[in-house]
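# Structural description and commentary
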Amino acid sequence: MAHYAVRESPPLRGEIQVSTSKNAVLPIMCGALLTREDVRIEHPPELTDVHTLASLLSACGCRVRHDQGGLVIAADALKNPDDEDDVRAMRASVLVLGPLLSRLGEARIPLPGGCAIGQRPIDQHLKGMAALGARVTFDHGGVTLRGKLRGAVIYLDMPSVGATENLLMAATLAEGSTRIENAAKEPEIVDLAAFLCSMGAKISGAGTSTICVEGVSALHGTSWTPIADRIEAGTMACACAMTGGELLLRGARADHLRSLLFKLSEAGVHVQDTPGGLMVFGRAKQPFEIRTMVYPGFPTDLQAPMMAVACRTPGTSVFLETIFENRFMHAAELARLGAHIRVENRVAIVEGTPFLTGAPVRATDLRAGAALILAGLCAEGETLVDDGGGHIDRGYVRIEEKLSAVGGNVKRV
Ligand code: EPZ
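Everything quoted here is computed from the prediction, not taken from an experiment.

## Regarding the overall build of the protein chain
What the protein chain contains, in helices and strands, is 14 helices and 25 strands. Its C-alpha atoms give the protein chain a radius of gyration of 21 Å, within 12% of the compact-globule value 22 Å for 413 residues. Its C-alpha atoms give the protein chain principal-axis dimensions of about 60 × 45 × 35 Å. Every one of the 413 residues in the protein chain was classed for burial, and the buried ones make up 58%. Counted over contacts in the protein chain with a minimum sequence separation of 6, partners at least 24 positions apart contribute 72%. With the model as given, the accessible surface of the protein chain reaches about 15,400 Å², and the carbon-plus-sulfur share is 52%. The centroid of the 41 positive side-chain charges in the protein chain is displaced by 2 Å from the centroid of its 46 negative side-chain charges.

## Remarks on the sheet that holds strand β13 (residues 222–224)
The strand order across the open sheet built from 4 strands is β4-β5-β3-β13, with neighbouring strands paired in mixed fashion. With partners counted over all chains shown, the strands left at the sheet margins are β4 (63–67) and β13, one partner each. Neighbour-to-neighbour, the strand axes of the sheet open up by a mean angle of 20°, direction not taken into account. Examined bridge by bridge, strand β3 (residues 38–42) and strand β5 (residues 70–74) share 5 bridges and lie antiparallel to one another.

## A few points about the site of the ligand
Within the structure, the ligand sits among 21 residues, and Asp123, Gln124, Ser160, Asp301 and Ile323 are positioned closest to it. Between the ligand and Ser160, the relevant distance is 2.7 Å, taken from an oxygen atom to a side-chain nitrogen or oxygen of the residue. Within the backbone of Gly162, an N or O atom sits 2.8 Å from an oxygen atom of the ligand. Relative to its unbound accessible surface of 820 Å², the ligand loses 87% to contact with the protein. Contributing elements (two or more residues each) for the shell around the ligand: α1 (22–31), α5 (123–131), α6 (161–172) and α12 (366–376).

## Some thoughts on the nonpolar core
Judged by nonpolar contacts, the single largest core of 70 residues is most densely connected at Leu249, Met306 and Phe319. If one sorts the elements of this core by residue count, helix α8 (residues 230–243) sits on top with 9 residues. Excluding its chain neighbours within four sequence positions, the residues that come into contact with Leu249 are Ile16, Val18, Ala233, Met236, Ala237, Gly276, Gly277, Leu278 and Val280. In this structure, Cys62, Ile122, Leu156 and Ala193 belong to the second largest nonpolar core, which totals 68 residues.

## Observations concerning the packing of helix α4 (residues 97–104) against α6
The interhelical angle for the contact between α4 and α6, taken along N-to-C directions, is 15°, at an axis separation of 7 Å. Between α4 and α6, the interaxial angle falls into the category roughly parallel. In this structure, α4 meets α6 at a crossing whose hand is right-handed. Across the interface between the two elements, Leu97, Gly98, Pro99 and Ser102 from α4 touch Asn166, Met169 and Ala170 from α6. The residue inventory of the contact of α4 with α6, partitioned by class, reads 4 nonpolar, 3 polar and no charged.

## Quick notes on the environment of Tyr396
Within the fold, Tyr396 resides in the loop between α13 (391–395) and α14 (399–404). Between the C-alpha atom of Tyr396 and that of Ser19, which follows or precedes it by 377 residues, the distance is 8.4 Å. Beyond its immediate stretch of four places on either side in the chain, Tyr396 contacts Leu47, Ile231, Glu232, Thr235, Leu366, Arg367 and Ala370. Among the polar contacts listed, one links the side chain of Tyr396 to the side chain of Thr235, at a separation of 2.8 Å. A distance of 3.1 Å separates polar atoms of two side chains, one belonging to Tyr396 and the other to Arg367.

## Examining the packing of α6 against helix α7 (residues 187–198)
Relative to each other, α6 and α7 sit at 10°, their axes nearing to 10 Å. When the interaxial angle is binned, α6 and α7 end up roughly parallel. Every residue of α7 that contacts α6 at Val161, Thr164, Glu165, Leu168, Met169 and Thr172 is listed here: Glu188, Ile189, Leu192, Ala193 and Leu196. Looking at the contact of α6 with α7 residue by residue, the class counts come to 7 nonpolar, 2 polar and 2 charged.

## Examining α7
Working note: α-helix, 3.6 residues per turn, so residues spaced by three or four point in the same direction. The end-to-end C-alpha distance of α7, which contains 12 residues, comes to 17 Å, matching closely the 16 Å that a straight helix rising 1.5 Å per residue would cover. Those residues of α7 that sit buried are Pro187, Glu188, Ile189, Asp191, Leu192, Ala193, Phe195 and Leu196. Immediately downstream of α7, the backbone of Gly200 shows phi near 105°, a positive value.

Analysis parameters
- Residues numbered from 1 in each chain as written.
- Predicted model: local features only at pLDDT ≥ 70, side-chain atom pairs only at ≥ 80, totals over all residues.
- Heavy atoms only, no water.
- Helix = DSSP H or I, 4+ residues; strand = E, 2+ residues; numbered from the N terminus.
- Rg over C-alpha atoms; globule rule 2.2 N^0.38 Å.
- Buried < 20%, exposed > 50% of the residue type's maximum accessible area, 1.4 Å probe, protein only.
- Contact = heavy atoms within 4.5 Å.
- Areas by Shrake-Rupley, 256 points an atom, 1.4 Å probe, with all protein chains shown as cover.
- Lys, Arg positive; Asp, Glu negative; His and termini not counted.
- Charge placed at Lys NZ, Arg CZ, Asp CG, Glu CD.
- Pairing = 2+ DSSP bridges.
- Axes fitted to C-alpha atoms, helices over the stretch in contact; angles between N-to-C directions.
- Near = heavy atom within 4 Å.
- Polar contact = N/O pair within 3.5 Å; in protein donor to acceptor, adjacent residues only side chain to side chain.
- Core = buried A, V, L, I, M, F, W, Y, C linked by side-chain atoms within 4.5 Å.
- Parallel < 35°, antiparallel > 145°, perpendicular 65-115°, else oblique.
- Left-handed = near helix turned anticlockwise from the far one by under 90°.
- Nonpolar A, V, L, I, M, F, W, Y, C, P; charged D, E, K, R; others polar.
- Expected span 1.5 Å × (residues − 1).

This is how it looks when you write it as structure tokens:
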């Protein structure tokens, strides 16, 4: 739990090392359950979500240890987790379902609660597991899946990232061929598939809407370096777009952020792809319109940071949030800093203003918290971001240090 004291800052200048992707590491950690042999994940990000999942994997009988900058997971003695709290603590825990079912023939998890941004159902995960031959039963707030998995054709009603990842992992050890249609195409899915192939899985089509898997009898251990965090990189690019200046986002990949880079250039921010990472120059000067979509559309996780940019960009910017039903809670907090935002269901209309003023605000989810810190960099006086819920540390590695190192006036208090 932390609070952040943020003050108006000069244009950000310097270099930020982008951390390893949270949304790649979490499914990859679950993928380690698919083998009895050691799996080593290099440079895991120091995030509470990674610690939470590590404790859940330990509750599943795994040995999880840090070793010379890597995370080593040994799942030779696998079992279903006893303690429901570990699973409920974080939505991504649902990703242990596929691996547990594949290895043990039975998996039980509590139905994940909703969260601030939406109801977060797992119906697509369960529909796919049933297609693979699992018998699904619900009781006492949990769901139990039993059965030996056989390959199948699965059609997802919507390209769910988590459901694609869960079903991809389950299919690697299912008997026969599996085809997942209307699959999600996010870079984190491509990274998970490449990781699984390094363990001996037979997967083709990851990154397209149709993924094919040939089941194998067992997977072996591996060592893997996951991709850089495109959402952290995008958040830092938004910080530069607000204060002006010049940032090198070391390790960031332009091909994972094309929708953001196009939007930033529409807004008048220059971005250049270099061998070392992404260079971002200058402040946003023109308003823009954003419709969040599944990849390769504009990522919903960057909607809040881009709304902070819009608050300071002259003109009227418009946001349409199509992925989550309640992901504008940062609007009311930004308004406390003097932003002019009108929210109508899934549409937010932002009138840019050069005059933001500091005030105490509250982080309602991890991306909203980051957006409030960004806004505080451009608000006169002090902005105190209350993150009693510990949201920001779930998804950003020492955000106050990274921003301070390039001139941002941010302190953790
Ligand atoms: C992943 O969540 C990310 N989390 C989220 O990042 C990200 O916002 C989201 O994908 C969309 O890109 C991780 O990767 C750990 P979905 P996930 O399944 O898998 C509905 C962050 O800030 N849906 O693609 O849960 C769901 O309600 C987090 O790092 C169903 O209806 O996303 C939502 O409206 C936040 N039924 C939409 O689909 C299902 O069975 C997208 O969900 C599954 C999902």
